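So the chains spell out like this:
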Amino acid sequence: NRFRVDWCGQSMAWFFKPFWPLERVRETAKRFKELEDTRYNRFMPFVACFGQKDFEYLKKPPERLREELEIAKQYGGGSLQFATLGVLHMYPDLYDAARSVLVER
């Protein structure tokens, strides 16, 4: 507990329906960032998007995923936890949405 190695992953965007309104996502991420105490931990935004097998009904629209990732990028200081990568492989529209935010050009 004395090492500064804790990156505190916090869900800033809900991944079950109903999805949180984007304003709540933004306020949640902002609040977690404000609570960050860099002497002990760093806030790492957690964004999830499901859609595989029995969870296809949880697939987020690409624009929704893009907006959530934009918020994570704004408050995450370069850090991100994401679940699940398989959904990006399955759905090219979600892959493109994530890529448009996360790949520096």
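Conventions used here
- Residues numbered from 1 in each chain as written.
- Predicted model: local features only at pLDDT ≥ 70, side-chain atom pairs only at ≥ 80, totals over all residues.
- Heavy atoms only, no water.
- Helix = DSSP H or I, 4+ residues; strand = E, 2+ residues; numbered from the N terminus.
- Rg over C-alpha atoms; globule rule 2.2 N^0.38 Å.
- Buried < 20%, exposed > 50% of the residue type's maximum accessible area, 1.4 Å probe, protein only.
- Axes fitted to C-alpha atoms, helices over the stretch in contact; angles between N-to-C directions.
- Parallel < 35°, antiparallel > 145°, perpendicular 65-115°, else oblique.
- Left-handed = near helix turned anticlockwise from the far one by under 90°.
- Contact = heavy atoms within 4.5 Å.
- Nonpolar A, V, L, I, M, F, W, Y, C, P; charged D, E, K, R; others polar.
- Pairing = 2+ DSSP bridges.
- Salt bridge = Lys/Arg side-chain N within 4 Å of Asp/Glu carboxyl O.
- Core = buried A, V, L, I, M, F, W, Y, C linked by side-chain atoms within 4.5 Å.

Trainee: I tried to follow the overall build of the protein on my own but got confused; where do I start?
Mentor: Across its full length, the protein carries four helices and three strands. Taken from N to C terminus, the helices and strands of the protein fall in the order β-α-β-α-β-α-α. Whereas a compact globule of 105 residues would reach a radius of gyration of roughly 13 Å, the protein reaches 14 Å, a difference of no more than 12%. Dimensions of the protein along its principal axes, counting C-alpha atoms only, are 40 × 30 × 25 Å. Within the span of the protein, comprising 105 residues, buried residues form 37% of the whole.

Trainee: Hey, could you run me through the packing of helix 2 (residues 62-76) against helix 4 (residues 92-102) in this one?
Mentor: Geometry of a packed helix pair, given as the angle between the helix axes and the separation of the axes. At a minimum axis distance of 9 Å, the contact between helix 2 and helix 4 shows a crossing angle of 25°. As the angle between them shows, helix 2 and helix 4 are arranged roughly parallel. As for how helix 2 packs across helix 4, the hand of that crossing is right-handed. Where helix 2 approaches helix 4, its residues Pro-62, Leu-65, Arg-66, Leu-69, Glu-70 and Lys-73 are matched on the opposing element by Asp-93, Leu-94, Ala-97, Ala-98, Ser-100, Val-101 and Leu-102. Taken together, the residues of the contact of helix 2 with helix 4 sort by class into eight nonpolar, one polar and four charged.

Trainee: Is there a simple way to think about the pairing of strand 2 (residues 41-48) in this case?
Mentor: On any regular strand, side chains alternate: one points to one face of the sheet, the next to the other face. Counted residue by residue, strand 2 has six buried out of eight residues, so it is predominantly covered. In this sheet, strand 3 (residues 81-83) lies alongside strand 2 in parallel orientation, the contact comprising three bridges. Bridge pairing links Phe-46 to Gln-81 in strand 3.

Trainee: Which parts of the structure should I look at to understand the pattern of salt bridges?
Mentor: Pairs may arise between side chains of opposite charge once their charged atoms sit close together. On inspection of all chains with the given rule, the structure shows nine salt bridges. Among the ionic pairs, Glu-70 bridges to Arg-66, the shortest N-O distance being 3.5 Å. Of this pair, Glu-70 and Arg-66 both sit in helix 2, four residues apart, which is roughly one turn of that helix. Bridged by salt links that share partners, the residues Lys-60, Arg-64 and Glu-68 form one connected network.

Trainee: How should I be thinking about the nonpolar core in this particular structure?
Mentor: Side chains of a nonpolar character, in soluble globular proteins, are inclined to be buried together. Ranked by size, the top nonpolar core spans 20 residues in total, and within it Met-12, Leu-65 and Phe-82 carry the most contacts. Residue assignment for this core shows that the elements contributing at least two residues are helix 1 (22-35), strand 2, helix 2, helix 3 (85-90) and helix 4. Here the element with the most residues in this core is helix 2; it accounts for five residues. In this structure Met-12 touches Trp-20, Val-25, Thr-28, Ala-29, Pro-45, Phe-46, Val-47, Glu-68, Ile-71 and Ala-72, once residues within four positions along its chain are discounted. Of all hydrophobic cores here, the second largest spans six residues; its members include Phe-46, Ala-48, Phe-50 and Leu-58.

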